[in-house]
Amino acid sequence: SDHGHMRYEPHATVIMESVFNYAWKVATELGIPIFRVRGTNMFNLALRPVKEHANLFGDRLYEFQIGKDRLVLRYAACHQQFSILKDWVLSYKDLPLGMFEIADSYRYEQRGELVLGFRMRRFHMPDLHILARDLEEAKKLCLLVRDKIVEEAKKLGRQYWLIINITEDFLKNHFDFVLEIVRRDRRPALICVYPGIYYWVINVEYNIIDELKRPREIATFQIDIGNAKRFNIKYKDVDGSDKYPVIIHTALIGSIERYIYMVFDTAVMREREGKTPCIPTWLVPIQVRIIPVTKSHLEY
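Summary of the structure given here. All values derive from a computational prediction rather than experimental measurement.

### Some words on the packing of helix 4 (residues 135-155) against helix 6 (residues 175-185)
And step 1. Between helix 4 and helix 6, the least distance of the axes is 11 Å, while the angle of their chain directions is 20 degrees. Regarding the angle of helix 4 to helix 6, the classification is roughly parallel. The element helix 4 and its partner helix 6 pack so that their crossing is right-handed. Two secondary-structure elements touch here, helix 4 through Lys139, Cys142, Leu143, Arg146, Asp147 and Val150 and helix 6 through Phe177, Glu180, Ile181, Arg184 and Asp185.
And step 2. Of the residues that constitute the contact of helix 4 with helix 6, the class distribution is 5 nonpolar, no polar and 6 charged.

### What to know about helix 3 (residues 78-85)
And step 1. Counting buried positions over the 8 residues of helix 3 gives 6, a clear majority of the element.
And step 2. Among the residues of helix 3, those classed as buried are Cys78, His79, Gln80, Gln81, Phe82 and Leu85.

### Observations regarding the sheet that holds strand 1 (residues 34-36)
And step 1. Sheet architecture is open: 8 strands sit in the order 1-5-6-13-10-9-7-8, paired in mixed fashion. The two strands at the open ends of the sheet, each matched to only one other strand, are strand 1 and strand 8 (189-194). If you compare each strand with its neighbour and ignore which way they point, the axes differ by 20 degrees on average.
And step 2. Note that strand 1 and strand 5 (residues 97-106) share 3 bridges and pair parallel. Bridge assignment links phenylalanine 35 to a residue of strand 5, and that residue is methionine 99.
And step 3. Where helix 3 meets the sheet, its contacts fall on strand 5, strand 6 (122-132), strand 10 (215-224) and strand 13 (246-251), and the angle it forms with strand 5 comes to roughly 145 degrees.

Rules used in this analysis
Residues numbered from 1 in each chain as written. Predicted model: local features only at pLDDT ≥ 70, side-chain atom pairs only at ≥ 80, totals over all residues. Heavy atoms only, no water. Axes fitted to C-alpha atoms, helices over the stretch in contact; angles between N-to-C directions. Helix = DSSP H or I, 4+ residues; strand = E, 2+ residues; numbered from the N terminus. Parallel < 35°, antiparallel > 145°, perpendicular 65-115°, else oblique. Left-handed = near helix turned anticlockwise from the far one by under 90°. Contact = heavy atoms within 4.5 Å. Nonpolar A, V, L, I, M, F, W, Y, C, P; charged D, E, K, R; others polar. Buried < 20%, exposed > 50% of the residue type's maximum accessible area, 1.4 Å probe, protein only. Pairing = 2+ DSSP bridges.

Next up, the structure:
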């Protein structure tokens, strides 16, 4: 239909659906309550929170006009999940909690940026948002998220390199937290410092170095201190006052397509190293072939 939009034949569909199920399994292994939801893939730019958030994505939106409405195709699951959460009556006793959806997402990437299985215009993001009571709880949860992200890469025999995008104030006031993230990897990390102009204070990208020696971001997490207020998501604290939660955005295994990209890239690397290329058994669309010796064995 268009560049950056993939088709999936039967075997590929089996692989995709297997990773859909696996992404949910990984999310539930964090050990906190997580609710699975579904939302639309269309947003109206007339809504102030949608417009403000959309402005951050600039010209990477699929935008179209119907009557007087300016609509965009979903580029993240944030709006739908936040619109649900703002209507929930939440207590400090309910937190932390997560909300999960495998969201078909659309970003109008430039032609020269498109890479099969890695950067596309339509992809599937297992978007998980975790509500924390405050920044300190969010930091503890992020270390839990970080460990899960690294664990999933290790299952494939891969290791990540970190790019830590961080605001100047957060780096200054929470340097020990940043140090702990790097310390757990025991490897160099690239830290990019920004002025405090985003809704997040830290955004950590987990990159593999692929078979062609290119950095490829797979998984990620970020701490968001702005969207709870923007979308009016509140909880009742122990003293009865209304508080805005801190929100963690994460894709524990990356987008569905990028996870599969990492799986296939690992198989290619094994072959280059003289090993048998393989993918995990649970992901193989044909696990067993039985070849009868004679026709007399067919019925059996």
